[in-house]
Amino acid sequence: MKNLTYLKFEILRTLRNRRFLIFSLVFPLVLFFAVAGPNKNVVVEGIHFPLYYMTGMAAWGSMTAMLSSGARIAAERQIGWTRQMKITPLSTRSYFTAKVLSGYMMSIFALVALAIAGTTLGVRLSAVQWLTMLLLLLVGLVPFAIIGIMLGHLMKVDSLGPALGGITSLFALLGGSFGPIFQSGVMLNVVKDIPSYWLVQASQSVLSQSGWPPLQAWVVIVVWSLAMTRLAIRVYRRDTLRVL
Amino acid sequence: MFETFGPTTPRIHLEGLSICEKVVDVTIADDRPGGIVLSHLTKSFGDVQAVRSIDLTIATGEIVALLGPNGAGKTTTIDMVLGLSQPDKGSVTLFGMTPANAVKAGLIGGMLQTGTPVQYLSVRELITMMASIYPHPLDVDEVLHLTGTFEFAERPTTKLSGGQTQRVRFAVALVADPDLLVLDEPTAAIDVEGRRDFWNIMRKVAAQGKTVIFATHYLEEADAFADRIVLMARGRIVADGPPTEIKARVGGRVIRATLLDVATSELSTIVGVTNAERRGDAVTLACADSDSSDRALRELLARYPGARDLEVRGVGLEEAFLELTADNDEDADDGLGFSDDGTKGHGLG
């Protein structure tokens with residue numbers, strides 16, 4: 001990203017969007033305190049409950065933050081701003097890079113907010129653990145960055161709001177953000193093919209001693225990223241060739 | 001229909017064409033990249049032929065109005081000039097480059113019909129952001145002053161009036177310091193006063209020698225601001241020339257009357273009448289403008305006191321355009337029925 005001024009204003013615009021702040025920062029925080037607060041001192045199978053719940057909320061919050069870049073793209077399309085940008089020297093790649101980077105920025109804010117919230121409920125992790133968790137989450141968010149761009153070009157603002165809510169909730173639920181829904185069996189194998197499952201696992205890497213996620217996690221993330229990129233390119237082409 | 005505008009139609013049409021050809025010749029002779037060249041530009045959307053093989057050459061520094069009613073193909077043409085859509089046939093060359101390369105080089109500033117400034121930024125922030133995208137932008141303060149947006153520069157882009165928004169959009173187009181400014185109906189959403197302010201600002205900008213192409217369906221705007229008017233209707237260029245000629249052409253008046261037993265050849269000798277037609281008992285006299293129709297009306301009554309049901313009305317842009325295209329279609333022999341594609345052509349931007 002050569003153009004730092006453009007990126008700066010892109011991030012500024014994202015930060016000033018209050019609706020966004022509520023969904024990706026406030027909601028996970030409220031849920032965290034509501035559920036983990038009363039169970040502050042509970043330990044399940046050797047794991048401190050607030051830590052466990054914090055990892056789930058971190059996956060959900062950062063995913064919501066990332067996917068919301070789609071809503072911003074859809075809004076810019078609707079008002080015709082995307083076309084205006086197309087007649088500037090800013091390349092499509094730079095346009096999307098700025099969207100993804102500001103999405104990452106917001107994801108990191110959501111994660112930092114939850115980390116601070118966790119600390120107030122007694123969560124203690126080493127610097128290495130915090131960093132590992134953060135880096136793995138950032139990798140796990142890649143498919144969602146691309147899904148966000150695709151949705152932004154696929155849907156109109158009016159339908160994208162509810163759709164994003166539904167999609168993030170479904171991904172979070174299946175991925176186990178609110179607690180594992182399948183302990184074993186066929187369904188567990190199915191959800192293991194979904195990137196949000198591994199996003200939650202990335203977040204929970206700090207819970208287990210083994211640390212790094214298995215090969216399957218990387219495969220799922222790479223395959224989803226590639227598949228979503230192909231889909232996003234198709235959707236983008238169809239969208240930009242549309243008769244106005 | 002042809003007869004109504006008969007005497008004037010071929011004249012202006014030919015002059016328009018000759019203007020084009022002259023400039024093309026110069027461009028080819030010099031073999032120097034310059035100006036804007038549209039050749040055989042064609043674009044259809046499904047069954048609708050939005051732009052039908054347009055040839056147009058615009059010299060550097062010219063201010064050209066694309067004048068035409070809705071559905072004339074103005075926006076489709078502009079989209080192709082800006083590289084926002086690809087022609088089915090033909091090509092666009094901007095200063096010797098493809099539109100995409102000219103855009104990449106930062107030579108083009110555009111104001112589209114849509115393109116509401118993004119929210120969560122002040123006017124100044126928006127212009128600063130846009131300036132950062134271009135290789136040689138104008139100074140942000142200079143743009144704010146020039147476009148009259150300075151006094152509300154700290155206001156959020158969402159808290160502006162229609163006229164203010166339009167000026168901000170113009171600032172967005174101008175901050176590039178472009179060689180070519182393309183404006184698609186820049187005053188469509190604003191009131192008369194705002195419109196006048198806008199063109200006053202434009203005049204200052206154009207004085208810097210930029211090439212300007214703007215689309216409008218207001219004859220007055222095209223007349224007041226452009227050096228040259230390119231009249232479009234139903235996907236074609238139907239006339240091309242200085243505003244005075246085009247204005248005379250589409251600013252015409254028609255006198256209708258019920259008058260028996262007078263030959264049209266006799267009626268066309270009335271001073272001010274460019275063409276006379278008869279349908280049954282009714283006669284139609286075409287005049288170039290309101291002065292000549294006034295004079296013709298007086299003479300008509302003096303000569304033939306028996307004339308009844310007198311009616312004088314302006315031809316109006318829309319009607320003038322339709323008649324002009326009707327001529328064109330008959331001439332072109334492209335196998336398309338008039339009514340058939342007349343209805344289809346409408347509603348396309």
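Below, the discussion takes up the overall build of chain A. Assigned secondary structure in chain A consists of 11 helices and 2 strands. In chain A, the succession of α and β elements from N to C terminus is α-α-β-β-α-α-α-α-α-α-α-α-α. Relative to a compact globule of 244 residues, whose C-alpha radius of gyration would be 18 Å, chain A shows 18 Å and is just as compact. In chain A, which comprises 244 residues, the proportion classed as buried is 43%.

Moving on, we come to the sheet that holds strand β13 (residues 308–314) of chain B. Strand pairs in the sheet, formed through backbone hydrogen bonds, run parallel or antiparallel to each other. Residue and element names in this part refer to chain B. Pairing is antiparallel across the open sheet formed by 4 strands, whose spatial order is β11-β12-β10-β13. Of all strands in the sheet, those with a lone pairing partner are β11 (273–279) and β13, marking the two edges. Averaged over all adjacent pairs, the angle separating strand axes in this sheet is 15°, with direction ignored. Relative to strand β12 (residues 282–287), strand β10 (residues 253–258) runs antiparallel, the two being bridged by 6 bridges. Residue pairing across strands places R253 opposite C287, the latter belonging to β12.

Let's shift gears to the environment of B:L285. The residue B:L285 is located in strand β12 in this model. With 27 C-beta atoms packed within 10 Å, B:L285 lands in the buried category.

Buried residues dominate strand β2 (residues 48–58) of chain B, accounting for 8 of its 11 residues. Once strand β1 (residues 36–45) of chain B ends, the chain turns through 2 residues before running back antiparallel as β2(B), passing B:G46 with a positive phi of about 65°.

So, on to the interface of chain B and chain A. Tallying the contact residues gives 23 residues for chain B and 19 residues for chain A. When residues of the side of chain B that touches chain A are traced back to their parent elements, those giving at least two are α3 (99–104), β5 (108–111) and α4 (123–133) of chain B. No other element matches α4(B), which puts 5 residues into the side of chain B that touches chain A. When grouped by side-chain class, the residues that make up the side of chain B that touches chain A number 14 nonpolar, 7 polar and 2 charged.

This part is about the environment of B:V230. Residues and elements named next belong to chain B. Here V230 lies in strand β8 (residues 228–233). Residue V230 is classed as buried on the basis of its 27 C-beta neighbours within 10 Å. Sequence separation between V230 and A72 is 158 residues; the distance between their C-alpha atoms is 11 Å. Not counting residues up to four positions away in its chain, the partners in contact with V230 are L56, V64, A65, L66, L67, I237 and D240.

We now examine the sheet that holds β2(B). Residues and elements named next belong to chain B. One open sheet accounts for 3 strands, arranged β2-β1-β4; its pairing is antiparallel. Only two strands of the sheet have a single partner each, and these edge strands are β2 and β4 (89–94). When strand polarity is set aside, the average angle formed by the axes of neighbouring strands in this sheet is 20°. Where β1 and β4 come together, 5 bridges link them in antiparallel fashion. Along β4, the bridge assignment pairs I36 with L94.

Under the domain assignment used here, chain B contains domain 1 (12–107 + 179–248) and domain 2 (252–314). Just the C-alpha atoms count here: the centres of domain 1 of chain B and domain 2 of chain B sit 36 Å apart.

Procedures and definitions
- Each chain has its residues counted from 1, following the order in which its sequence is written.
- Note on labels: chains are lettered from A, ligands numbered from 1, in written order.
- In keeping with the predicted nature of the model, local features appear solely for residues at pLDDT of at least 70, side-chain atom pairs appear and are counted solely at 80 or more, and the whole-chain, interface and lining totals rest on all residues.
- Helix and strand definitions here come from DSSP, where helices need a minimum of 4 consecutive H or I residues and strands a minimum of 2 consecutive E residues; each element is numbered from the N-terminal end.
- Throughout, radius of gyration means the C-alpha value; the globule benchmark is 2.2 Å times the number of residues raised to the power 0.38.
- Residue burial is a threshold on neighbouring C-beta atoms within 10 Å of the residue's own C-beta, all placed from the backbone, with 20 or more meaning buried, 12 or fewer meaning exposed, and counts in between meaning partly exposed.
- Two strands qualify as a pair provided that DSSP identifies no fewer than 2 bridges between them.
- Between the N-to-C directions of two axes lies an angle of 0 to 180 degrees, each axis being a line fitted to C-alpha atoms and, for a helix, fitted only over the stretch in contact.
- Whether two residues are in contact is decided by their C-beta atoms, placed from the backbone, lying within 7 Å.
- Any residue outside Ala, Val, Leu, Ile, Met, Phe, Trp, Tyr, Cys, Pro, Asp, Glu, Lys and Arg is labelled polar, Gly included; the first ten of those are nonpolar and the last four are charged.
- Throughout the structure description, domain borders are defined by an automatic or database domain assignment.

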